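Chain and residue survey
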Amino acid sequence: MSQQKQLVELQQRANHLLDNLVSSRPNTAPYLKKAINYSLTQGGKRLRPLLTYATCAGLNGSLENADPAAMAIECIHTYSLIHDDLPAMDDDALRRGQPTCHIAFDEATAILAGDALQALAFEALSTNDWYPDCVLPPSTKLKQIQILAQASGMNGMVAGQSIDLSSVGKQLSLEQLENMHHCKTGALIKASIQLGALASNQVEESAWQQLGRFADAVGLAFQIQDDILDIESDTETLGKTQGADIANDKPTYPAIMGLSQAKQKAQQLTDEALAILAPLGQAAAPLKQLALLIIQRNH
Ligand code: GRG
């Protein structure tokens, strides 16, 4: 099977499970449930579940063992997007071309939908009932829970968001910018890979270390590419000078090092990531493909 086809199948697997994740739960608060489903099932790329599945499969693990982790990661990601879009944070009206959760529903419901998704992530990882074909030992599940909690909490994604909010209008050094992104987006991307590695139930220390370095490189490449896409879409919408001005107000890679240097840096990190995977051979092919897609994506 081609790598592209394999990734499409994994994406379909994630979408199918996400469609059922909330729909199949008892309906305690219908409006809240509708808001959660609205954000969870409306067309993300599913990059993080794909990283989880591809890592697990690359280490000869079963996809069934990776299902809870793939769901948990996407729940945390979706919660972060819902909260990030709120008026108190980025105040965005559109996400993935659709009204954001607080616009389609209301602000209080969007806050609650994010809260509920965060709890749902840890329920999906810890319960034995939702994914009966996952047969990981409790010690492995506990490790996954710990890693996800650390990556998403006060020293991970939430810390990154806090640094981001407090740096608006300020100049950041390249080191400070990298630290912010390492927490804000890098930590969850790394956790996606680490949870997949744990789901294989047979990861050796050397592969664990290699995958950690791979995750750090693709996490940063993802963010630089995100900054590049931002500036390019601003420039397309507003014209060259204005777009560049807007991007320069925010601490971003293109603003600090210039657009062409930022593109070079993203490419260099991707090359580094691919080189790290080389010793893992053909088994790492889907992960390699994902690293390439991260830098080639246009949205
Ligand atoms: C509110 C606690 C809290 C955290 C928010 C991740 C984050 C922190 C904010 C997201 C804001 C943002 C647009 C960051 C840039 C990188 C990013 C995470 C983009 C969205 O991820 P994709 O491209 O999204 O994987 P899809 O739509 O494909 O799921």
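Up top you'll find the structure we're talking about.
The shown structure was predicted, so the numbers you read here are calculated from the model rather than taken from an experiment.

**Details of the overall build of the protein**
Check the secondary structure of the protein and you find 14 helices and two strands. Taking 299 residues into account, the globule formula puts the C-alpha radius of gyration at 19 Å, and the protein, at 19 Å, falls close to it. Its C-alpha atoms put the protein at 55 × 50 × 35 Å along the principal axes. Buried residues in the protein amount to 50% of all 299 residues. Entry remark: accessible area of the protein is about 13,900 Å², with carbon and sulfur atoms responsible for 52%. For the protein, the separation between the mean place of its 22 positive charges and that of its 32 negative charges on side chains is 4 Å.

**Focus on the site of the ligand**
Neighbouring the ligand are 20 residues, the closest being Lys45, Arg48, His77, Asp84 and Arg96. Between the ligand and Arg48, the relevant distance is 2.7 Å, taken from an oxygen atom to a side-chain nitrogen or oxygen of the residue. Elements with a minimum of two residues in the shell around the ligand: helix 4 (63–84), helix 8 (157–166), helix 9 (174–199) and helix 10 (205–238). Per-element accounting of the shell around the ligand gives the leading share, six residues, to helix 4.

**Thoughts on unusual backbone geometry**
Of all residues except glycine, most have a negative phi; of all peptide bonds, most are trans. With phi around 65°, Arg46 is a residue other than glycine that occupies positive phi space. As for its placement among the helices and strands, Arg46 is situated in the loop between helix 2 (30–40) and helix 3 (47–58). Judged by its relative accessible area of 2%, Arg46 falls in the buried class.

**Observations concerning the pattern of salt bridges**
Here the structure, examined in full by the defined rule, presents eleven salt bridges. A salt bridge links Arg297 to Asp226; the shortest N-O distance between them is 3.7 Å. Here Asp226 lies in helix 10 and Arg297 lies in the segment after helix 14 (285–296), a separation of 71 residues in the sequence. Among the residues examined, Asp226 registers a relative accessible area of 28% and is labelled partly exposed. Residues joined by salt bridges that share partners form a network here, namely Arg13, Glu64 and Asp67.

**Some remarks on the nonpolar core**
In terms of nonpolar packing, the biggest core is built from 82 residues, with Leu21, Met71, Leu148 and Phe214 touching the most fellow members. Per element, the largest residue contribution to this core is twelve residues, and it comes from helix 10. Once residues lying within four places of it in the same chain are set aside, the contact partners of Phe214 are Ile193, Ala273, Ile276, Leu277, Leu287 and Ala291.

**A word on the packing of helix 8 against helix 9**
Taken N-terminus to C-terminus, the directions of helix 8 and helix 9 make an angle of 145°; their axes are 7 Å apart at the nearest point. Like other packed secondary-structure pairs, helix 8 and helix 9 cross with a definite hand, here left-handed. Here helix 8 contributes Met157, Gly160, Gln161, Ile163 and Asp164 to the contact with helix 9, which in turn contributes Asn179, Met180, Cys183, Lys184 and Leu188.

**Details of a negative patch on the surface**
Side chains of Asp90, Asp91, Asp92 and Glu107 sit close together on the surface and give a patch of like negative charge. Counting through the fold element by element, Asp92 comes out in the loop between helix 4 and strand 1 (94–95). The exposure class of Asp92 is partly exposed, given its relative accessible area of 30%.

Cut-offs applied
All residue numbers refer to position in the chain's written sequence, counted from 1. Per-residue local features are limited, in this predicted model, to residues with pLDDT of at least 70; the limit for side-chain atom pairs, both in listing and counting, is 80 or more; totals at the level of whole chains, interfaces and linings are taken over all residues. To get the side-chain values, take all heavy atoms of the structure and skip hydrogens and water. Elements are defined by DSSP. Helices are runs of H or I of four residues or more, strands are runs of E of two residues or more, and each kind is numbered from the N terminus. In this setup the radius of gyration rests on C-alpha atoms only. A globule is expected at 2.2 Å times the number of residues raised to 0.38. Residue burial is assigned from relative accessible area. The probe radius is 1.4 Å, only protein chains are included, and a residue is buried under 20% of its type maximum, exposed over 50%, and partly exposed in between. Residue burial considers only the protein chains on display, and all accessible areas are found by Shrake-Rupley using a 1.4 Å probe. The charge count treats Lys and Arg as positive and Asp and Glu as negative. His and the chain ends do not count. Charge positions come from single atoms, namely NZ of Lys, CZ of Arg, CG of Asp or CD of Glu. Neighbouring residues are identified by heavy atoms, a residue being near a molecule or strand if any of them is within 4 Å of it. Under the rule applied, a polar contact is a pair of N or O atoms within 3.5 Å (in protein, one hydrogen donor and one hydrogen acceptor; residues adjacent in sequence only if both atoms are side-chain atoms). In the sections that follow, a salt bridge refers to a side-chain nitrogen of Lys or Arg positioned within 4 Å of a carboxyl oxygen of Asp or Glu. Here, nonpolar core refers to any group of buried Ala, Val, Leu, Ile, Met, Phe, Trp, Tyr and Cys residues whose side-chain atoms link them within 4.5 Å. In this analysis, two residues are considered to be in contact whenever any of their non-hydrogen atoms come within 4.5 Å of each other. Every axis in this analysis is a line fitted to C-alpha atoms, fitted for helices over the stretch in contact. Angles between the N-to-C directions lie between 0 and 180 degrees. Handedness of a crossing is defined here by the sense of rotation of the near helix relative to the far one, left-handed for an anticlockwise turn of less than a right angle and right-handed for a clockwise turn. Patches draw on residues past 30% relative accessible area with no salt bridge. Two like charges within 9 Å are joined, as are two nonpolar side chains (Val, Leu, Ile, Met, Phe, Trp, Tyr) within 5 Å.

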